[in-house]
Amino acid sequence: MINAKTKLIGLLGHPVEHSFSPIMHNAAFRDKNLNYVYLAFDVLPENLKYVIDGAKAMGIVGFNVTIPHKIEIMKYLDEIDENAKLIGAVNTIKIENNKAVGYNTDGLGARMALEEEIGKKVENKNIIIYGAGGAARAVAFELAKNNNIIIANRTVEKAKNLAEEIREKLNKTEEEVKYSGLDANLDGIDIIINATPIGMYPNVDVKPIVKAEQMHKDMVVMDLIYNPLETVLLKEAKKAGAKAINGLGMLIYQGAIAFEIWTNEKPNIEVMKNAIINHLNLK
Ligand SMILES: NC(=O)c1ccc[n+]([C@@H]2O[C@H](COP(=O)([O-])OP(=O)(O)OC[C@H]3O[C@@H](n4cnc5c(N)ncnc54)[C@H](OP(=O)(O)O)[C@@H]3O)[C@@H](O)[C@H]2O)c1
């Protein structure tokens, strides 16, 4: 029940009305009997500067941050954790004792989803990541810590810049972190990750970024898209007999890590997952 003691968590974005985070987090709060509520706030870029001071004044406990505010919000925070600094973007904020601290849970969320699906640690693999935007950055910084990666992007210059930044910040060689256009050579690749919106609702019937002929049955193919749950890329993966993983796990785990940052409690992953699946089925 919402009462005078209810604590507030918010989502900052523009737009926000299609987000699944309120559904997922409110279900998890109810399940744990935590007196919190999660609401989505559509914040125009010119109003972002008022948010953190206002939130401190009102005792708001924390936020998720989404497009287009993940980078801009950083200048209003008191502290940014190492991982978020490395990625250069914040997706989670906790306000405690009048201090706003920024975190980024996207990369670790993707790793946890990947490791849960394949049942072991992802290390010493050859991984290609398509895209060089916000999601690709988070995933690439996380996985490059203990794997070889290739960043493949439509705008090759952006892939090059990201690869160079990762090499420099993580002290990696040109062999360990490579870049390419979308026509990358997939010889020796163990894991394919799509971090572009190719195949995302409503443009679901597009040409996949990789075809089944380029895959093999020992490959793992992860699409960060979760709407639809089976994208064109994942259909190709299934045709090739490869392991196909959708973006739902990343969405849930990045949320689960944020939940723990705000409440110091671990949420029930199944409750979060079912809340989203029920919502997707109802749409
Ligand atoms: N599962 C999750 O929790 C989760 C979290 C975050 C994001 N995502 C998903 O990840 C995807 C990317 O999100 P983002 O925030 O990283 O977006 P973003 O910052 O806008 O980056 C988009 C990237 O995709 C590339 N791209 C866009 N349209 C393309 C096209 N038609 N052909 C080839 N490349 C194209 C862009 O290439 P250029 O540089 O050439 O423009 C860019 O590298 C989205 O589908 C999003 O839903 C999932």
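- Named according to an unreviewed UniProt entry, the chain is Shikimate dehydrogenase (NADP(+)) originating from Methanotorris igneus.
- Under the UniProt heading Catalytic activity (unreviewed entry), the entry covering the chain gives this text: "shikimate + NADP(+) = 3-dehydroshikimate + NADPH + H(+)".
- Checking UniProt for the chain, the heading Pathway (unreviewed entry) contains the comment "Metabolic intermediate biosynthesis; chorismate biosynthesis; chorismate from D-erythrose 4-phosphate and phosphoenolpyruvate: step 4/7."

Some words on the UniProt feature "coiled-coil region" (unreviewed entry) in the chain
For step 1, the next point in the chain: Within this structure's numbering, the places UniProt gives as "coiled-coil region" (unreviewed entry) are residues 149–176.
For step 2, the next point in the chain: End C-alpha to end C-alpha, residues 149–176 measures 6 Å, and it is 54% helix and 14% strand.

Some points on the packing of helix 5 (residues 134–143) against helix 6 (residues 156–170)
For step 1, the next point in the chain: Two numbers describe how helix 5 lies on helix 6: the axes approach to 11 Å, and their chain directions differ by 35°. As for the relative orientation of helix 5 and helix 6, their crossing is right-handed in sense. Residue-level contacts link Arg137, Ala140 and Phe141 of helix 5 to Leu162, Glu165, Ile166, Lys169 and Leu170 of helix 6.
For step 2, the next point in the chain: Classifying every residue of the contact of helix 5 with helix 6 gives 5 nonpolar, no polar and 3 charged.

Focus: the domain arrangement of the chain
For step 1, the next point in the chain: According to the domain assignment, the chain contains domain 1 (7–104 + 249–282) and domain 2 (107–246).
For step 2, the next point in the chain: Between the C-alpha centres of domain 1 and domain 2 there is a distance of 25 Å.
For step 3, the next point in the chain: The interface of domain 1 with domain 2 comprises 13 residues on the first partner and 22 residues on the second.
For step 4, the next point in the chain: Between domain 1 and domain 2, the buried area comes to about 1400 Å², and carbon and sulfur atoms account for 70% of it.
For step 5, the next point in the chain: On the domain 1 side of the contact with domain 2, Leu86, Met250 and Tyr253 bury the most area, a combined 44% of that side's loss.

Details of the nonpolar core
For step 1, the next point in the chain: Grouped together as the largest cluster of nonpolar side chains are 34 residues, with contacts concentrated most on Leu114, Ile129, Ile149, Ile151, Ile166 and Ile193.
For step 2, the next point in the chain: In terms of residues, this core owes the most to one element, helix 5, which gives 6 residues.
For step 3, the next point in the chain: Ignoring any residue separated from it by four or fewer positions in sequence, one finds Ile151 in contact with Ile129, Gly131, Ala132, Ala140, Ala159, Leu162, Ala163, Ile166, Lys178, Tyr179 and Ser180.
For step 4, the next point in the chain: By size, the runner-up hydrophobic cluster in this structure holds 21 residues, among which are Leu11, Ala28, Tyr38 and Phe259.

A short note on unusual backbone geometry
For step 1, the next point in the chain: That bond from Ile67 to Pro68 is cis: its omega, 10°, falls within 30 degrees of zero.
For step 2, the next point in the chain: With omega at 5°, the peptide bond leading from Asn227 into Pro228 counts as cis.
For step 3, the next point in the chain: By the secondary structure assignment, Pro228 is in the loop between strand 11 (220–223) and helix 7 (232–239).
For step 4, the next point in the chain: Look at Asn33: it is not a glycine, yet its phi comes out positive at around 55°.
For step 5, the next point in the chain: Its place among the elements puts Asn33 in the loop between helix 1 (21–31) and strand 2 (36–42).
For step 6, the next point in the chain: What makes Asn33 exposed here is its relative accessible area of 74%.
For step 7, the next point in the chain: With a phi close to 55°, Asn124 is a non-glycine residue in the positive phi region.
For step 8, the next point in the chain: The residue Asn124 is located in the loop between helix 4 (106–118) and strand 7 (126–130) in this model.

Here's the deal with the sheet that holds strand 8 (residues 148–152)
For step 1, the next point in the chain: Within the open sheet, the 6 strands sit side by side as 9-8-7-10-11-12. Their pairing is parallel. Two strands in the sheet have a free side with no partner beyond their single neighbour: strand 9 (177–180) and strand 12 (243–245). Across this sheet, the average inter-strand angle for adjacent strands is 15°, counted without regard to direction.
For step 2, the next point in the chain: Examined bridge by bridge, strand 11 and strand 12 share 3 bridges and lie parallel to one another.

Overview of the packing of aromatic side chains
For step 1, the next point in the chain: Following the criterion strictly, the structure yields 4 aromatic pairs and no others.
For step 2, the next point in the chain: For the ring pair Phe20 and Tyr226, a centre distance of 5.4 Å and an interplane angle of 50° mean the geometry is tilted. In this pair, Phe20 sits in the loop between strand 1 (7–13) and helix 1 while Tyr226 sits in the loop between strand 11 and helix 7, placing the two residues 206 residues apart along the sequence.
For step 3, the next point in the chain: Take Tyr226: its relative accessible area is 26%, and that puts it in the partly exposed class.
For step 4, the next point in the chain: An aromatic cluster is defined as three or more aromatic residues linked by ring pairs; in this entry it consists of Phe29, Tyr36 and Phe259.

Some details on the side chain of Asn26
For step 1, the next point in the chain: Along the polypeptide, Asn26 turns up in helix 1.
For step 2, the next point in the chain: Judged by relative accessible area, Asn26 falls into the buried class, the value being 17%.
For step 3, the next point in the chain: At 2.8 Å, the side chain of Asn26 and the backbone nitrogen of Tyr38 are in polar contact.
For step 4, the next point in the chain: Once residues lying within four places of it in the same chain are set aside, the contact partners of Asn26 are Val37 and Tyr38.

Rules behind the numbers
Residues numbered from 1 in each chain as written. Predicted model: local features only at pLDDT ≥ 70, side-chain atom pairs only at ≥ 80, totals over all residues. Heavy atoms only, no water. UniProt positions renumbered as here; feature names shortened; annotations may be inferred. Helix = DSSP H or I, 4+ residues; strand = E, 2+ residues; numbered from the N terminus. Axes fitted to C-alpha atoms, helices over the stretch in contact; angles between N-to-C directions. Left-handed = near helix turned anticlockwise from the far one by under 90°. Contact = heavy atoms within 4.5 Å. Nonpolar A, V, L, I, M, F, W, Y, C, P; charged D, E, K, R; others polar. Domains from an automatic or database assignment. Buried area = accessible area lost by both parts, 1.4 Å probe. Core = buried A, V, L, I, M, F, W, Y, C linked by side-chain atoms within 4.5 Å. Buried < 20%, exposed > 50% of the residue type's maximum accessible area, 1.4 Å probe, protein only. Pairing = 2+ DSSP bridges. Phe/Tyr/Trp six-rings, centres within 6.5 Å; stacked < 30°, edge-to-face > 60°. Polar contact = N/O pair within 3.5 Å; in protein donor to acceptor, adjacent residues only side chain to side chain.

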